[in-house]
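If you want the building blocks of each chain, they are given just below.
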Amino acid sequence: MSVLIFIDHADSHIKKGSFEALTYGADVAKQSGIGAEGLLLGTVNDDLASLGKYGISKVQQVSDEGLNNFDAEVYAKAIEEAVKATGATIIIFSQNQTGKAVAPRVAAGLKAGLASGAITLPDTSNGFVVKKPVFSGKAFANVNISSAIKVISLSPNSYKVNTGEGTATVNQLNISIAAPSVKITAVHKVSGEVPLTEADIVVSGGRGLKGPENWGMIEDLAHTLHAATACSRPVSDSDWRPHHEHVGQTGIQIAPNLYIAIGISGAIQHLAGVNRSKTIVVINKDPEAPFFKAADYGIVGDAFEIVPRLTEEIKKLNNA
Amino acid sequence: MKILVCISKTPDTTSKIAFKEGNTKFEENGVQWIINPYDEWYALVRAIELKEKDASAVLHLITVGGADCDPIIRKSLALGGDEAIRVNAESSDSFYIASQIAEVAKQGGYDLIFTGKETIDYNGSSIGGMVAELLNMPYVSLATKFELAGTTATIDREIEGGEEVCEVTLPVVVSCQKGVAEQRIPNMRGIMAARTKPLKVVEPAAVEALTNIVSFELPAPKAGVKLVAADNVAELVRLLHEEAKAI
């Protein structure tokens, strides 16, 4: 019996969401009085032993170069083998793009119940219950997993990373890896951009900005805050901004520490994608904009005047 | 070529969400039901486009649910597709639902199975992956573009901070999102034709649900917005820094 935490990586580095998953998994293990181990498929340039600081005792690694090329089927089979080899009973993923592809496969392959997008530690007082957002953030469900093996995918930005003293031992797992059936032929990354689902701060623009040519000030503000940029649905539908920036019920759902909405009225569908943000700031010239009801801080006024001033004030703070 | 599209019934995006029976059940009163937008706008429409290009293609739709799903399935058939299958069972457990779809798919011998990237009610993003695993098929999730040449699919999929292009030989399970296709409105001919298309109701296979929803909660209401004057942006920055500790 142990907790096995899947460690996700890209470009030779472990992703931020995996540090959250490691902390979470170690806490799940502590709660149940069992051990916690990480599982890394492929190779990275990061120091694996230092992952002990998140509370895990061991990193299981399958150092097959073929695994640096992501194929959900190959990954799932390798994880299922690792679960059998380690005797793990609880498997943790970060609910990012990789987690969404692999966690359901692993759950089905092991006949394990899956709670996807969890935001709390399991409540084991009566079963094994985790809370997760449903109805695109308009509500939460408490989901009980009744199977012997349990799979949890952790919603990004919902569990605080904790570090302490500790070093993990690294163990090479001998698992034979099948040839992938999905061949990656090209990767298009927007360089220098903070990935939206991993961002602590998100600056988002809506129709109130009038056109794509006015996004310079949004990008300036985002850059000053080391934030990701996002937009509302009408903006991406009009091709002012790329589709992958669309947050809302039918776009990406995010839960950053700070969400700054500029020129977005706050339709219920948009709120559904962002209402788990810890702090919401709304800048809108319409005092009746519904978004103000969901906001923590607001300014009623002209975004074209306020946003550049905001950027200047934040620069002052950064330099202070 | 045989294509299967998984369809789910969800509350309309503008629905007010409420619960009943001690917060254990979704309050369906007054809720407008729609086809899950990802299933309709992207998965189904792309499948219809593929069928339009290849007259020999067969397109089936599947849903897992009670008779109350029939209007949604008919609406889907009005957009396109040859026939629909409804597995007569209700569950919130993704393994249960995926197992039912996989059972039907095994018998159908599909080359291509499309799902939406998630449903807007339970937001699990899990049916496609589970179906693929149960059928031992490759799975490409979060597709933003899908092209087919012979039996080779070229798919753009979302990754963190960008997209990657991948190639896979059929059969394959694909979860679809924005970019894969454009929303369509059913026309009168489609609506008339849908009335006579076959809707087969099959009984569920014996599968054990592995999860259950114990209760629901609504988010705590916000304390109320603190408004800052437009000429005092510095005050907003101070509040964000000192009070919210967000910057």
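Structure: see above.
The structure displayed is predicted, hence computed values, not measured ones. (Residues numbered from 1 in each chain as written. Chains lettered and ligands numbered in written order. Predicted model: local features only at pLDDT ≥ 70, side-chain atom pairs only at ≥ 80, totals over all residues. Heavy atoms only, no water.)

Draft legend 1. Here's a closer look at the environment of phenylalanine 216 of chain B. Tracing the backbone shows phenylalanine 216 of chain B in strand E14 (residues 211-217). Linking phenylalanine 216 of chain B and lysine 25 of chain B, residues 191 residues apart in sequence, is a C-alpha distance of 7.5 Å. Setting aside residues up to four positions removed in sequence, phenylalanine 216 of chain B forms contacts with Val134, Phe135, Phe140 and Ala141 of chain A together with Phe19, Asn23, Thr24, Lys25, Phe26 and Tyr122 of chain B. (Helix = DSSP H or I, 4+ residues; strand = E, 2+ residues; numbered from the N terminus. Contact = heavy atoms within 4.5 Å.)

Draft legend 2. Quick peek at a nonpolar patch on the surface. Residue and element names in this part refer to chain B. Together, Met188, Ile191 and Met192 make up an exposed nonpolar region whose accessible area comes to about 290 Å². Locating methionine 192 in the fold gives a position in helix H5 (residues 188-196). Given a relative accessible area of 44%, methionine 192 falls into the partly exposed group. (Patch = residues over 30% accessible without salt bridge, like charges linked within 9 Å, V, L, I, M, F, W, Y side chains within 5 Å. Areas by Shrake-Rupley, 256 points an atom, 1.4 Å probe, with all protein chains shown as cover. Salt bridge = Lys/Arg side-chain N within 4 Å of Asp/Glu carboxyl O. Buried < 20%, exposed > 50% of the residue type's maximum accessible area, 1.4 Å probe, protein only.)

Draft legend 3. Fine view of the sheet that holds strand E9 (residues 139-145) of chain A. With antiparallel pairing, three strands are arranged side by side in an open sheet as E8(A)-E9(A)-E14(B). Two strands lie at the open edges of the sheet, namely strand E8 (129-134) of chain A together with E14 of chain B, each paired on one side alone. The average undirected angle you get between the axes of adjacent strands in this sheet is 30°. (Pairing = 2+ DSSP bridges. Axes fitted to C-alpha atoms, helices over the stretch in contact; angles between N-to-C directions.)

Draft legend 4. Local environment of the state of the cysteines. Residues and elements named next belong to chain B. Summed over all chains, the structure comprises zero disulfides over all chains. Cysteine cysteine 6 shares no disulfide, and the gap to the nearest cysteine sulfur, in cysteine 176, comes to 10.0 Å. Overall, cysteine 6 belongs to the buried group, its relative accessible area being 7%. (Disulfide = S-S within 2.5 Å.)

Draft legend 5. Quick peek at the interface of chain B and chain A. Between chain B and chain A, the contact holds 79 residues from the first and 89 residues from the second. Where chain B touches chain A, the interface holds seven salt bridges. Residues glutamate 217 of chain B and lysine 131 of chain A are paired through a salt bridge, measuring 2.7 Å at the closest nitrogen-oxygen approach. Looking at the side of chain B that touches chain A, the elements with two or more residues in it are helix H1 (37-53), helix H4 (127-135), strand E9 (139-149), strand E10 (152-159), strand E11 (162-169), E14, strand E15 (226-228) and helix H6 (233-243) of chain B. Residue classes in the side of chain B that touches chain A are distributed as 43 nonpolar, 20 polar and 16 charged. Bridge count between E9 of chain A and E14 of chain B: six bridges; the pairing is antiparallel. The residue of E14 of chain B that forms the bridge with phenylalanine 140 of chain A is glutamate 217 of chain B. (Nonpolar A, V, L, I, M, F, W, Y, C, P; charged D, E, K, R; others polar.)

Draft legend 6. Representation of the sheet that holds strand E1 (residues 2-7) of chain A. All names here are of chain A. If you walk across this open sheet you meet the seven strands as E7-E10-E6-E1-E4-E5-E11, and the pairing is parallel. Two strands close off the open sheet at either side, each with one partner strand: strand E7 (113-118) and strand E11 (169-172). On average, each strand axis in the sheet is tilted by 25° relative to the strand beside it, whichever way the strands run. Of the pairings in the sheet, the one linking strand E4 (residues 35-41) to strand E5 (residues 58-62) comprises five bridges and is parallel in character. From the neighbouring strand, glycine 38 faces E5, where its bridge partner is valine 59. Docked against the sheet, helix H1 (residues 16-32) engages E1, E4, strand E6 (90-94), E7 and strand E10 (150-154), running at close to 180° with respect to E1.

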